[in-house]
Amino acid sequence: MAETSGPQRLTRLATASPEAAASALDNDSQLLWDSGGIDSTDSTHRVYSGPRLRSRQRCSWRVRIWDDYGTPSEWSAPAWWEMGLLELSDWSAQWIEPDAPSQRVPYLRRRFALRDEVARARVYATSHGLYQLYLNGHRIGDFELTPGFTSYHKRLQYQTYDLTESLRIGDNVIGALLGEGWYAGVLGLGDAWDNKRYGEHTSFFAQLEVTYRDDTTDTIVTDEHWRSSPSPILNSGVYAGETYDARLEQTHWANLGGLNGLWSRVLARILPHDGLVAQHGPPIRKIQELVPKCILRASTGETIVDLGQNMVGWVRLCARGPAGTTITLRHGEILDAKGDLYTENLIGAGQTIRYILRGTGAIEVYEPHFTFQGFRYVSIHGYPGEVTVGSITGVVLHSDMAQASEFATSDDRLNQLHHNVVWSQKGNSVDIPTDCPQRLERLGWTGDAQVFAATAAFNMDVALFFTKWLKDLAADQYPNGSVPWVVPDVVRTIEVAPLPELLGKEAAGAAGWGDAATVIPWELYLAYGDTRVLQEQYASMAKWVDYQRARAGDQLVWSGDYQWGDWLPFGDVSTDTDLIATAYFARSVDLLGRTAQALGKDDDVLRYRILFRDVRAAFNRTFVATDAKVGGGTQTAYVLALQFDLLPPEQHAAAAGLLAASVRSTGHLTTGFLGTPGLLFALSKFGYLEDAYRLLLRDNIPSWLYPLTHGATTIWENWDGIRPDGSLQDPSMNSFNHYAKGAVGEWMYRVIAGISADSTRPGYKHSRISPKPGGGLHRVRASHSTLYGELSTSWEIAGSTFQLVVSIPANTTATVTLPSATVQAILESGEPLAVGNGITSVQDDGADVTVELGSGSYRFSYAMADSHSEP
Ligand code: RAM
């Protein structure tokens, strides 16, 4: 049953090669740092605090724990990390670009000789644009779309590759392909889209450092010794797709051997290096592959491959045919009424791949390099011979984050909804959190990320992904504290905001969007318990609140500015944007106050508590009537007021009642981006659990399940992306892969499966387990990988018997709330429920029973009392 664990005690660090690590760690004289035994149950986020580490230093470490009985564990297997280049003076590389301008993506190469056997070799590389690295004819590493997408002028990530095993004595060739990417290609939003947003030219930057067995070194850097030649990639753009003429391939371009192309000099420039940062986020990788589900014929005669899943990445094409044959692949998310590929909603993003065959008689295999597509269907034109299932493979790309949860219920539709939420997260996590992955947009919309962050942190390990993006958010934040609509700020919110007359001089921050600055650090803290993200973002969080405070003026009511508001609600329901802005102002102040508390900034705690109280009062004064009607009485107005705890307690029941009345009278939700995440919480928390389930399980328009009736495999931007009569929403904004409304995932984990973090002991050091059965579900199972291990719940209802199995990770505790229970009726693992065996307290509040317990597995079963009495 209950098994608990005790203090973590000892961490040892040593510099050593991996092989030597274990013995070095045993040798006290080689130790960098020994934490000594630490008498604490905090076994996560122990920060290294030994001597300052140097560039390139490789550190091995291991850890052991002592349990409650003082018994030590074995040492963990040694693990390691390596330091990047910490000093500006570490860099001697120059930026290189092809001398002769060509429309084509360049090959870049440098031949060099090594004089001895290599003991250690690293290459540090980055680019303006996107690069792929090659050595002696082979691609290096498995990262895609490097160096990723950051606010390039302020922060440019470099990647580190270990080449120790790949180099040889004597001659070697290092090479790179260099595409436009986000840096120099077409990028932006509607009228504000831009070419060459970050710079006119692509360029490449790399430093190969070789240490020989005798400890001498050589450094090969990008400089004037490199050569360039046009590659077979005739063009490649993030949105546009790629054209590749395989006849132009040069076999030995990145290898020894004869060169047949025209190779010219490169321009080498010395630029400041101060924005260079080591790769921070998880790298983009090829994560999985999809085999076509079926092959269809369009009314136009074109062949269309259906991959069965709206996905993001690219296809691998296999073909054999005569030299010069052009195969054209167009990518789209849906088929139109005639069964043809629908591309209008791409609003000009080409998403087209053209491959021109080499024609040597062998099967040719091709994957694009510097683009990605959002698609389920691929229309194929010009394919020599018959298209078969083997002709096309879907290659799914995204930032490589571990899947962190499982969720399954007795209702397959909910399982599909969960699947769709996860797939929209995959598709919108190509290095930055995007709104959509397919049309001429694909931007880091702050509001979308803000509403989805909690769900995202259940689905996947998003710690690094969001930490990296928050650094760009802070970097692009304006001096007045406002946060751009999109991060990186490629639309230059303040300068080119499309509606200057509405925007006013400085009103670039939109409520619910800019609040990404406060909400996302907080969600990360809840999920992982790491205070460092709060420390690092604190200034940015406070600046955003200062901005809100300034816009709200003495009345503390943020009014009049341009806002996106409750974006894309259902029908013509619209919620007062001043109300929304003031509610979010309060929310951010509240979170900032809690953050100050977590960081021990006592003065700020007081300051922000007072401000929260005052903004709340202003909100009530301005927007809440004595009968608890909030604003114009839209669902979103009630949701924000209840979710952000803005109403006096005595009005909770009345406001929730009015919300439930709206849901019942319309029969459906009306919420947009900002109201949707909290809608079911506001209902279930205040006594309307069955109303919440009805909304969730409804599959008429509008609802979360309605898109399933049209075969959706991802979340739609619009509730009515495809209408019941088959007509489509306005193509200028009709993404079928948009995670914002998938924010309902949080409710599914927290209320259906019942798994919540606890902000007073975050990171699941303590969990709150409180499943709320309903909606006719009779079986639910979910698990979540926390930093302490797997946390899981699984419940079943048979007749009136409810059974809940929970598993709580070692070194953590939980409060489990058993719904509609009485203590006498409950068995735990077949025995009457009582304190002992890991259970530290049992309380009956007359409706539910609350149990405090330690780690381990528990099985509760009982006959449910008649409950679910809806007000
Ligand atoms: C569109 C998208 C995006 C949203 C903005 C305001 O570009 O719907 O998701 O955040 O508008």
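These figures come from a predicted structure and were not determined experimentally.

Right, let's get into the domain arrangement of the chain. Interfaces are often sized by the amount of accessible area the parts lose when they come together. As assigned here, the chain comprises domain 1 (6–82), domain 2 (88–233 + 247–278), domain 3 (284–399), domain 4 (443–623), domain 5 (625–697) and domain 6 (755–863). On a C-alpha basis, the centroid separation for the pair domain 3 and domain 6 is 48 Å.

Now for the site of the ligand. The full set of residues close to the ligand is D435, R439, E441, W445, D448, W513, W564, W567, F673, E717, M733 and H738. Here an oxygen atom of the ligand and a side-chain polar atom of W445 are 3.5 Å apart. For the ligand, an oxygen atom lies 3.1 Å from a polar atom in the side chain of W513. Burial of the ligand by the protein amounts to 98% of the accessible area it has alone, namely 290 Å². Along the lines of polarity and charge, the residues of the shell around the ligand split into six nonpolar, one polar and five charged.

The next subject is the pairing of strand β42 (residues 839–844). In summary, the side chains of a regular strand alternate between the two faces of the sheet. When β42 meets strand β43 (residues 849–853), the two strands line up antiparallel, connected through five bridges. The partner of V842 across the bridge, within β43, is V851. Taken together, β42 and the strand that follows it, β43, pair antiparallel across an intervening segment of four residues, in which G846 is found at a positive phi of about 95°.

Next up on the list: the environment of G361. Within the secondary structure, G361 sits in the loop between β27 (352–356) and β28 (364–366). Between the alpha carbons of G361 and T714 there is a distance of 40 Å; along the sequence they are 353 residues apart.

This part is about the state of the cysteines. According to the stated counting rule, one finds zero disulfides in the structure shown. Take C318: it sits in no disulfide, and the sulfur closest to it among the cysteines is that of C294, at 19 Å.

Another point: helix α12 (residues 635–643). Across the nine residues of α12, eight count as buried, placing the element largely inside the fold. Inspection of α12 places Q635, T636, A637, Y638, V639, L640, A641 and L642 among the buried residues, and these make up the whole buried set. Contacts made by the buried residues of α12 are with α10 (577–598), α11 (602–623), α13 (649–666) and α14 (676–685). At the C-terminal side of α12, D645 shows a positive phi close to 55°.

Time to look at the sheet that holds strand β36 (residues 779–786). The strand order β31-β36-β37-β38-β44-β40-β41 describes an open sheet built from seven strands, whose pairing is antiparallel. This sheet does not close on itself; its edge strands, each paired only once, are β31 (405–409) and β41 (831–832). Here five bridges tie β31 to β36, and the two strands are oriented antiparallel to one another. By the bridge assignment, F407 is partnered in β36 with A782. Set on the sheet, helix α16 (residues 745–752) makes contact with β31, β36 and β37 (789–798); between it and β31 the angle comes to about 75°.

Another aspect to go through is the side chain of E82. Structurally, the position occupied by E82 is in strand β4 (residues 79–82). A polar side-chain atom of E82 sits 3.1 Å from a polar atom in the side chain of R120. With near-sequence residues (within four places) excluded, E82 lies in contact with R56, Q57, R58, R120, R122 and Y124.

Before going further, it helps to examine the pattern of salt bridges. Enumeration over the complete set of coordinates arrives at 43 salt bridges. In this structure, the salt-bridge partner of E249 is R358, at a minimum N-O distance of 2.8 Å. Here the residue E249 occupies a position in the loop between β18 (241–245) and β19 (264–269), and R358 occupies one in the loop between β27 and β28, the gap between them amounting to 109 residues. Judged by its relative accessible area of 29%, R358 falls in the partly exposed class. The salt bridge involving R594 is made with D590; its shortest N-O contact spans 3.2 Å. With R594 and D590 both in helix α10 and four residues apart, this pair spans about one turn of that helix. Each of R58, E82, R120, R122 and D162 takes part in one network of salt bridges that share partners.

Thresholds, definitions, all that
- Residues numbered from 1 in each chain as written.
- Predicted model: local features only at pLDDT ≥ 70, side-chain atom pairs only at ≥ 80, totals over all residues.
- Heavy atoms only, no water.
- Domains from an automatic or database assignment.
- Near = heavy atom within 4 Å.
- Polar contact = N/O pair within 3.5 Å; in protein donor to acceptor, adjacent residues only side chain to side chain.
- Areas by Shrake-Rupley, 256 points an atom, 1.4 Å probe, with all protein chains shown as cover.
- Nonpolar A, V, L, I, M, F, W, Y, C, P; charged D, E, K, R; others polar.
- Pairing = 2+ DSSP bridges.
- Helix = DSSP H or I, 4+ residues; strand = E, 2+ residues; numbered from the N terminus.
- Disulfide = S-S within 2.5 Å.
- Buried < 20%, exposed > 50% of the residue type's maximum accessible area, 1.4 Å probe, protein only.
- Contact = heavy atoms within 4.5 Å.
- Axes fitted to C-alpha atoms, helices over the stretch in contact; angles between N-to-C directions.
- Salt bridge = Lys/Arg side-chain N within 4 Å of Asp/Glu carboxyl O.

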